[in-house]
Every structure is written in structure tokens, then in C-alpha cells.
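# Reading the structure
Here is how the chains run, residue by residue.
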Amino acid sequence: MGKAANLSEFDRGQIALVRRLGSSITETARLVGFSRSAVVSIHAKWINDGDTSSRLQGVDRPRVIKEKGRRRLSRLVKQNWRQTVAQLTAQYNAGPSANVSEHTVQRTLLDMGLCSRRPTRVPLLTKRHRQLRLQWAWEHRDWTMDEWKRVSWSDESRFLIHHVDGCVRVRRLPGEQLFLSYTADHSQAGGGGMMLWGTFSWAALEPVVVVEQTMKAANYPNITADQLHPYMAFVFPTGNGIFQQDNAPRHKTRIVLEWFEEHTDEFHLMSWPPNSPDLNPMEHIWDAMERKLRAQTPPCPNISTLRDLCLDIWYNLSPVMYQKFVVSMPRRVVAVLKAKGGATRY
């Protein structure tokens, strides 16, 4: 388990939030996946100082990458802000400087403030969009954790053999915005791919669905009937479950809405603001799967292997990991309120 000195600001905020919601030290440590000592340290700092940031400094030691090398590394990052540490290391070592390890490059990038972050996938928000997002946030600002635990989150994402287009990660300096526009380069990859549809709640993951063709309004009702219905009945047998879906046209057709109306005594359909992937924790599930897919060596050679890998990753996702995303919902609501309905860093 991680130590307090090694935690990101997001992890520190999660610890403080869970403790504020009344969870014990042991329960908080289990939910966030860090040691009890880290939980005690971070919570004490929040109580005493009003923030959770770390003031610890690294041990003084000679830099492997000197100032000239750091400037060169910065130029390499700016040439392509989506590069991985492995790619940056290979380019750096191709130059006149001495060879360095990926670990050294990663440590130097962090020291320079060029951290890798997942951009917020929020398209341009109109005034009406911001109003609806703000209204949704006000409606849910007082929700308890028990209420958030009753929500089943859903989303679709397309995975490609040579590139996963669900999410990308970028390097940026502290304070720079992370908003990523939807542009054509998201799908510029060859080799074919497939669409996955998934849902999860605090209690469990639903079996992920491999969509053999493009998700359309015609096949979405089959998924809700064959997959969602038994899942909601099993996880929320008393009928108090809440299902979340975005406002994609296929989710708003008459046949789909009528199906949900027929099952209102079994679970409820959550109202959802438009253009709000930053509010849906399913985005982080896809992000986690992307990282695991990119770590595969060798990469996927065909669709069949890609399918098997995606299913294996999905069914081995840790409950601690996806429960952390549910715990983050109050923070997301607060972020939307602070942004007055605008896009957030999530």
C-alpha cells in the first residue's frame, strides 16, 4: 500500500473526503487502497492545515539529467504532448546524452512539473449545457454516499488494436487546462477495433457487452433487456436502484424510453445533463483498461486477441478501484458547482 509521501493530490483529496463522510480509518484505507498510516497522516494534515498537499522535499542528490538535458526533454514533450515515458526515453537516448532509464525520465518529468494527466473529455459547452449541468449538481449536492451507492453507471467505448481511442493522456504544466476537444485524430488508427458497453455500481460490475457492430438504437434495447435488467434485479432486489445513461440519441428513442417506463417499479432512470462525461465515473474504468492494454507485450495482433484481453481486464478490475470512483461523486458535484456548470478536471 502507498505511503503518504507518494500520494497524488487527487488521492489525498479522496482520503480527506471519505473521512469527512464518516468512514473509519480502516474502511477508508480499504476504499482508497492505501495504508492506515497514510490515511491518518493525510487526514491529520487536513484537520490541522486545511489542505492535504505534501511539503516533503526529495533527498538532495546529483541529477542524472542535468539542466541542458532537462531543456531538451522539455522540447521533446512539447513536440508531442501525448508521448509515453517509454517513447520520450527512446528519443532522449537517441541524442548525444548518456543513456538514462525510463524511471529517471519519469522522475525528471515529475520534478519539472510535466505530469501526465488524463484530459477531461468535455466538448464545447453551450450556455444551455452549463445551466443543465449546474441544475443537476444542485439537485445532487446533498446526496449521501448510500444514495450514490445505489447508482449503476454505464457507458460505451471503442477499443482499437493499435490505439485505444476511449481516452488519451497528456503532459502539461501545473495550472494548464486539461480540456480535450473531440477531433479527428482520436480515431486515426488502423487494424480494426470493437465497441464495449459496460455498467457498474458500488456493489458489482455487470458482465461487459461486446457490441459486434456500431451501437445503434435498434440493438440498444436488446442490451437493456438481456443484460441490464437481470443485473439491476440482482444488485437492487428491492427496486431502489438508479440507472445512469448519457443523452446519446440511441438512448432517447421512443422504444428505449418506453422500456424504462415499463420497469420503473424495478429501478429508476437517472436524469442526466448533456455533454457530461466528466461526471461519469465509467470514463475512469475505460481509462484503466486502456492503460492495461497499452502495457501488453507484444501488442494485440488481431480483434480476437483484443476481445479476450478486454474481457480479462474487465473481469479482473478491483472492487477497491471502482468503488473509489463512486466515492469521488460528491467531489465531482462540488466541482461543477464551483465551475458554475462549466467543465471540470474529472
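Residues numbered from 1 in each chain as written. Predicted model: local features only at pLDDT ≥ 70, side-chain atom pairs only at ≥ 80, totals over all residues. Heavy atoms only, no water.

- With an unreviewed UniProt entry as reference, the protein is termed Transposable element Tc1 transposase, source organism Araneus ventricosus.
- UniProt's Subcellular location (unreviewed entry) comment on the protein is quoted here verbatim: "Nucleus". (UniProt positions renumbered as here; feature names shortened; annotations may be inferred.)

### Looking at the nonpolar core
- In this structure, W148, W153, L196, F200, I285, M289 and W314 are the most contacted members of the largest nonpolar core, which totals 50 residues.
- Each of two domains, domain 1 (9-49) and domain 3 (127-169 + 191-339), supplies a minimum of three residues to this core.
- Core analysis: the second largest hydrophobic core is formed by 16 residues, M195, V211, I223 and M232 among them. (Core = buried A, V, L, I, M, F, W, Y, C linked by side-chain atoms within 4.5 Å. Buried < 20%, exposed > 50% of the residue type's maximum accessible area, 1.4 Å probe, protein only. Domains from an automatic or database assignment.)

### With respect to the pairing of strand β2 (residues 151-160)
- Burial of β2 is extensive: nine of the 10 residues sit out of reach of the surface.
- Where β2 lies against strand β6 (residues 241-243), two bridges are found, and the strand directions are parallel. Each bridged residue has a counterpart across the sheet, and for V151 the counterpart in β6 is I242.
- The sheet contact formed by β2 and strand β4 (residues 193-200) spans eight bridges and is antiparallel. Within β4, the position partnered with E156 by the bridge is W197. (Helix = DSSP H or I, 4+ residues; strand = E, 2+ residues; numbered from the N terminus. Pairing = 2+ DSSP bridges.)

### Remarks on the sheet that holds strand β7 (residues 267-269)
- Strand order across the open sheet formed by five strands is β5-β4-β2-β6-β7, with mixed pairing between neighbours. Either end of the sheet is taken by a strand with one partner, and the two such strands are β5 (209-211) and β7. Ignoring strand direction, the axes of neighbouring strands in this sheet form an average angle of 25 degrees.
- Here three bridges tie β4 to β5, and the two strands are oriented antiparallel to one another. Note that in β5 the partner of W197 across the bridge is V209.
- In the packing of helix α9 (residues 220-235) onto the sheet, contacts are made with β2, β4, β5, β6 and β7, and the angle to β4 comes to roughly 35 degrees. (Axes fitted to C-alpha atoms, helices over the stretch in contact; angles between N-to-C directions. Contact = heavy atoms within 4.5 Å.)

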